[in-house]
Amino acid sequence: MRVAIIKERRTYERRVAASPDTIKRMVDKGLEVVTESGAGEGACFTDAAFAAAGASIAADATMALRDADIVLKVQRPLLGDEAGSDELKYLKRGAVLIGLLQPLRHRAEIEAYASAGIVAFAIELLPRITRAQPMDALSSQANLAGYKAALDAAVEFGRAFPMMMTAAGTIKAARVLVMGAGVAGLQAIATARRLGAIVSATDVRAAAKEQVESLGATFITVDEAAARSAETAEGYAREMGEDYRRRQGERITEILKRTDIVICTALIPGRRAPVLLTETMVAELAPGSVVVDLAVEAGGNVEGSRLGELVTTPNGVKIIGYANMPSRIAVDASQLYARNVFNFLTLLVDKDCKLKIDPADEIIRATLLTENGAVVNPALLPSATADARSAAS
Ligand code: NAD
């Protein structure tokens, strides 16, 4: 069975869906692996390293995809005339496609996979159960995004993070506020702490308090009663009401007066990200302060952030809206993503190296988007998408 990995061509994307390590693992399992020449370039994996791990190297994407039974991707394949290329048309009917396919944001593309007879899996829909942890690409990528967000803030900040006592005087430690203490937020806290900052954090979920405090940061509670019901059965945050938002705004505005750096990471699956910092709140920060909006691709947590840009406000606050933060640390992000995808792949391939898609497996059920020419995922049924669309608009 032939597995293909091609170069990612979407803007801001440097990652790749396989590493020399996972290619070797696939080959050891009896799979034939083909990679497009240059597929690993953005992550510093050379064709020679891929070949040494057992891959054959195809001259271009068309050659790599030809006759592939399984295609591993980071981003959604290009469709129609996107970036001058249509990757989907080179996939054969019945081919398995695995990637971060963003099905809730790009429903029409999922229909296109169905029409093309593709068996598509969206890895971000994995249930967050213990068995799925080795495949959990959202976590592996968010973890690195949180780390990089703290570093990007430190780079743009015109002062040091740690307290320093020098003969010329004492430098005060920077004060960092992290809003949203999930996977990315917790890593941003840990990184800012390692750099020597004084860190505080807030989240709507009550469970976040203990995790924040275990990292040596201070937790800012907005509303204890609301926090107890803010978490869904899947472990994600619910969208909070107007009253909570107002109180959170007041509490945070107070804290911003003593804050140098804000790192925002708050997301609500399938919906627009909540606005946590309004323009008025950003104006509370002193000139030279830095805000990182990790949610910029989901609509943004910060008013005034712009996708892919560093914006400086009239009062001298820098707002970082860099796109695709995990791709800014592409080597590690690719290593971890490749392992996530390989672990997922082992669910689909039996010991005789044949495709085996078990509909009774809850991981398969949750991630399978299309099969036999139809959209089959429960999260994409008309009622579910209408709900998500109206919330995202
Ligand atoms: P996420 O990326 O969906 O959101 C990031 C954070 O933003 C979350 O902590 C969320 O509570 C917070 N948030 C949302 N709205 C907010 C608001 N208005 N104000 C402040 N904060 C807000 O979340 P995530 O990082 O993917 O993690 C969600 C949960 O899942 C966490 O509890 C995490 O520990 C858990 N998790 C479990 C597993 C597993 O068991 N396999 C794996 C990964 C994560």
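To keep things clear, this report deals only with the structure shown in the data block. These figures come from a predicted structure and were not determined experimentally.

Scanning the protein from terminus to terminus reveals 13 helices and 17 strands. On C-alpha atoms alone, the protein measures out to a radius of gyration of 22 Å, which is about the 21 Å that the 2.2 N^0.38 rule sets for 393 residues. By residue count, 51% of the 393 residues in the protein fall in the buried class. Intrachain contacts of the protein at a sequence separation of at least 6 include 66% that bridge at least 24 residues. Averaged over its 46 positive side-chain charges, the protein has a centre that lies 3 Å from the centre of its 48 negative ones.

Turning our attention to the sheet that holds strand β16 (residues 368–371). Taken in spatial order, the eight strands line up as β3-β2-β1-β4-β5-β6-β16-β17 in an open sheet, and their pairing is mixed. Every other strand in the sheet has two partners, leaving β3 (56–58) and β17 (374–375) as the edge strands with one partner each. Looking at chain direction, strand β1 (residues 2–5) and strand β4 (residues 70–72) are connected through three bridges and run parallel. Paired with V3 across the bridge in β4 is I70. Relative to strand β2 (residues 32–36), helix α1 (residues 20–28) is tilted by about 150°, and along the sheet it contacts β1, β2 and β4. Sitting on the sheet, helix α11 (residues 330–348) is in contact with β4, β5 (96–99) and β6 (119–122), with an inclination near 145° to β5.

Structurally, the α-helix is built with 3.6 residues per turn, so residues lying three or four positions apart point the same way. Relative to the 16 Å expected for twelve residues at 1.5 Å per residue, helix α6 (residues 183–194) spans 17 Å between its end C-alpha atoms, a close match to the ideal helical length. Of the positions making up α6, those classed as buried are A184, G185, L186, Q187, A188, I189, A190, T191 and A192. Against α5 (137–156), β9 (175–179), β10 (198–202), α7 (208–214) and β12 (261–264) lie the buried residues of α6.

Taken together, 22 residues lie around the ligand, and R128, S139, V183, D203 and R205 are the ones closest in. A distance of 2.7 Å is found between an oxygen atom of the ligand and a backbone nitrogen or oxygen belonging to V183. At a separation of 3.5 Å, an oxygen atom of the ligand approaches a polar backbone atom of L267. Against a free-state accessible area of 840 Å², the protein chains account for coverage of 86% of the ligand. Looking at the shell around the ligand, its residues break down into eleven nonpolar, seven polar and four charged.

Turning our eyes to something else, we now look at the pattern of salt bridges. What the rule picks out here adds up to 31 salt bridges. Here R9 ties to E36 by a salt bridge, and the two come within 2.4 Å at their closest N and O atoms. A residue pair is termed long-range when its members are at least 10 positions apart, and R9 in the loop between β1 and α1 and E36 in strand β2 qualify at 27 residues. Residue R9 is classed as partly exposed on the basis of its relative accessible area of 35%. Between E87 and R9 there is a salt bridge, and its shortest N-O distance comes to 3.9 Å. Taken together, the residues span a long stretch of sequence, with E87 in the loop between β4 and β5 and R9 in the loop between β1 and α1 at a distance of 78 residues.

Residues of strand β13 (residues 290–293) alternate between two faces, with V290 and V292 on one and V291 and D293 on the opposite face, all of them buried. Pairing of β12 with β13 involves four bridges; the strand directions are parallel. Directly across from I261, in β13, lies its bridge partner V290.

An order of β11-β10-β9-β12-β13-β15-β14 is seen for the seven strands of this open sheet, with the pairing classed as mixed. Looking along the sheet, the strands with just one partner apiece sit at the ends: β11 (218–219) and β14 (310–312). Packing against the sheet, helix α9 (residues 242–256) makes contact with β9, β10 and β12, and its axis sits at approximately 165° to β9.

Right, let's get into the nonpolar core. One recurring pattern in soluble globular proteins: nonpolar side chains tend to sit buried together. Counting residues in hydrophobic clusters, the biggest one holds 40 residues, and the most contacted among them are M26, L72, I98, F121, I123 and F344. Residue assignment for this core shows that the elements contributing at least two residues are β1, α1, β4, β5, β6, α11 and α12 (362–367). In terms of nonpolar packing, the next biggest core, distinct from the first, is built from 30 residues, A149, F157, A181 and I320 among them.

Rules of the game
- Residues numbered from 1 in each chain as written.
- Predicted model: local features only at pLDDT ≥ 70, side-chain atom pairs only at ≥ 80, totals over all residues.
- Heavy atoms only, no water.
- Helix = DSSP H or I, 4+ residues; strand = E, 2+ residues; numbered from the N terminus.
- Rg over C-alpha atoms; globule rule 2.2 N^0.38 Å.
- Buried < 20%, exposed > 50% of the residue type's maximum accessible area, 1.4 Å probe, protein only.
- Contact = heavy atoms within 4.5 Å.
- Lys, Arg positive; Asp, Glu negative; His and termini not counted.
- Charge placed at Lys NZ, Arg CZ, Asp CG, Glu CD.
- Pairing = 2+ DSSP bridges.
- Axes fitted to C-alpha atoms, helices over the stretch in contact; angles between N-to-C directions.
- Expected span 1.5 Å × (residues − 1).
- Near = heavy atom within 4 Å.
- Polar contact = N/O pair within 3.5 Å; in protein donor to acceptor, adjacent residues only side chain to side chain.
- Areas by Shrake-Rupley, 256 points an atom, 1.4 Å probe, with all protein chains shown as cover.
- Nonpolar A, V, L, I, M, F, W, Y, C, P; charged D, E, K, R; others polar.
- Salt bridge = Lys/Arg side-chain N within 4 Å of Asp/Glu carboxyl O.
- Core = buried A, V, L, I, M, F, W, Y, C linked by side-chain atoms within 4.5 Å.

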